[in-house]
Amino acid sequence: MKHEKINNTAMLILSSIVCLLPLILSALVYSDLPEQIAIQWSSTGEAVNYVPKAVAAFGLPLVFTAANLISKIRLMNDPKRESASSAMRKIYMWLIPSISLILIPVALFIALGVNIPITVIAPVIIGIAFILFGNYLPKNRQNYVIGVKLPWTLNNADNWNKTHRMAGYLWILGGIALISGSFFTYQSSAWLIISAIVLVSVIILPFIYSFLLYKMSWEK
């Protein structure tokens, strides 16, 4: 138990440091940044949401750090944390720090006038995350933090396993679709259709499948 607490503390500190690393870049380029910095873009690459440069440069790393701490505390205090796949736990632990380390510098460089294809980078990152999660979802056992957490999956191990096996394939296909679709972002309607299909596939279909499994077992 003591060894686990030491490892958890080290993980919290290390992952938080990674989240805060963009602060170094922010300090170096702050004087050259415009007063407003884009942090959200449309499917065609047009900036649609801006924040003051102080918020983007120094506030966002703190927001990611806070989100990272919350996610780690949830995972480390899950009574069934050992049931989650070890690979899934590692991906979950490093997802937020990785996003902070990549997307904040990208936003700053775009603000400085560097031509970066954000409409490709963001979907590719999300798509890779989907593929990684999907690959290990079938190996993920019942827990309260990582996975398709529904009343029926948490109540029945067989429902959980079957739902995650099916969801794993859908997440992998969804990730591939997002990565492929990122190269068609010049067609806004095509990207919206791809995003909608992926959303339905990875969220709604596992929900329906799990519910149907529950109803079938109840009727028996």
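If you're wondering where the values come from, they're calculated on a predicted model, not measured in any experiment.

Let us now look at the overall build of the protein chain. Along the protein chain, the regular secondary structure elements total 8 helices and 2 strands. For the protein chain, the α and β elements follow one another from N to C terminus as α-α-β-β-α-α-α-α-α-α. Considered along the principal axes of its C-alpha atoms, the protein chain spans approximately 65 × 50 × 20 Å. Within the protein chain, contacts between residues at least 6 apart in sequence are counted, and of these 70% link residues at least 24 apart.

Okay, the pattern of salt bridges next. Under the criterion given, the structure shown has 2 salt bridges. Between Lys53 and Glu35 there is a salt bridge whose closest N-O contact spans 3.7 Å. Of the two residues, Lys53 is situated in helix 3 (residues 53–76) and Glu35 in the loop between helix 2 (22–29) and strand 1 (36–41); the sequence distance between them amounts to 18 residues. One salt bridge in this structure joins Asp158 and Lys162, with 3.3 Å as the shortest N-O distance. Residue Asp158 and its partner Lys162 are both found in helix 7 (residues 157–181); the two are separated by 4 residues, about one turn of the helix.

For the structure on display, the rule yields 7 aromatic pairs. Ring geometry for Phe130 versus Trp171: centroids 4.6 Å apart, planes at 35 degrees, classification tilted. A residue pair is termed long-range when its members are at least 10 positions apart, and Phe130 in helix 5 (residues 118–136) and Trp171 in helix 7 qualify at 41 residues. When its relative accessible area of 16% is taken as the criterion, Phe130 is described as buried. Joined through ring pairs, the aromatic side chains of Trp152, Phe207, Phe211 and Tyr214 make up one cluster.

What follows covers the environment of Val145. If you trace the backbone, Val145 turns up in the loop between helix 5 and helix 6 (151–155). Val145 gets classed as buried once you look at its relative accessible area, which sits at 7%. Residues Val145 and Ile121 lie 24 residues apart in sequence; the distance between their C-alpha atoms is 27 Å. Excluding residues within four positions of it along the chain, Val145 makes contact with Arg74, Leu75, Asp78 and Tyr92.

This part is about the pairing of strand 2 (residues 47–52). In the case of a regular strand, side chains alternate between the two sheet surfaces. Inspection of the sheet shows strand 1 paired to strand 2 by 5 bridges, in the antiparallel sense. Of the residues in strand 2, the one forming a bridge with Gln40 is Asn49.

Moving on: the nonpolar core. By size, the foremost hydrophobic cluster in this structure holds 16 residues, and its most contacted members are Leu75, Met88, Tyr92, Val145 and Ile146. Among the elements that make up this core, the one with the highest residue count is helix 4 (residues 86–111) (4 residues). With residues up to four places along the chain from it excluded, the contact list for Leu75 reads Arg81, Arg89, Tyr92, Met93, Val145 and Ile146.

For the pair helix 3 and helix 4, the least separation of the axes is 10 Å and the interaxial angle reads 175 degrees. The orientation of helix 3 with respect to helix 4, classified from their angle, is roughly antiparallel. Along the contact surface, helix 3 presents Ala56, Ala57, Leu60, Pro61, Phe64, Ala67, Asn68, Ser71, Lys72, Arg74 and Leu75, while helix 4 presents Arg89, Tyr92, Met93, Ile96, Pro97, Ile99, Ser100, Ile104 and Leu108. Partitioning the contact of helix 3 with helix 4 into residue classes produces 14 nonpolar, 3 polar and 3 charged.

Glancing now at helix 2. Of the residues making up helix 2, those classed as buried are Pro22, Leu25, Ser26 and Val29. Considered in projection along helix 2, the buried side chains sweep an arc of 105 degrees and stay on one side of the axis. Projecting away from the buried face of helix 2 at angles above 90 degrees are the exposed residues Ile24, Ala27 and Leu28.

The rules behind the values
- Residues numbered from 1 in each chain as written.
- Predicted model: local features only at pLDDT ≥ 70, side-chain atom pairs only at ≥ 80, totals over all residues.
- Heavy atoms only, no water.
- Helix = DSSP H or I, 4+ residues; strand = E, 2+ residues; numbered from the N terminus.
- Contact = heavy atoms within 4.5 Å.
- Salt bridge = Lys/Arg side-chain N within 4 Å of Asp/Glu carboxyl O.
- Phe/Tyr/Trp six-rings, centres within 6.5 Å; stacked < 30°, edge-to-face > 60°.
- Buried < 20%, exposed > 50% of the residue type's maximum accessible area, 1.4 Å probe, protein only.
- Pairing = 2+ DSSP bridges.
- Core = buried A, V, L, I, M, F, W, Y, C linked by side-chain atoms within 4.5 Å.
- Axes fitted to C-alpha atoms, helices over the stretch in contact; angles between N-to-C directions.
- Parallel < 35°, antiparallel > 145°, perpendicular 65-115°, else oblique.
- Nonpolar A, V, L, I, M, F, W, Y, C, P; charged D, E, K, R; others polar.
- Arc of directions from axis to C-beta.

So yeah, pure geometry; function would need other evidence.
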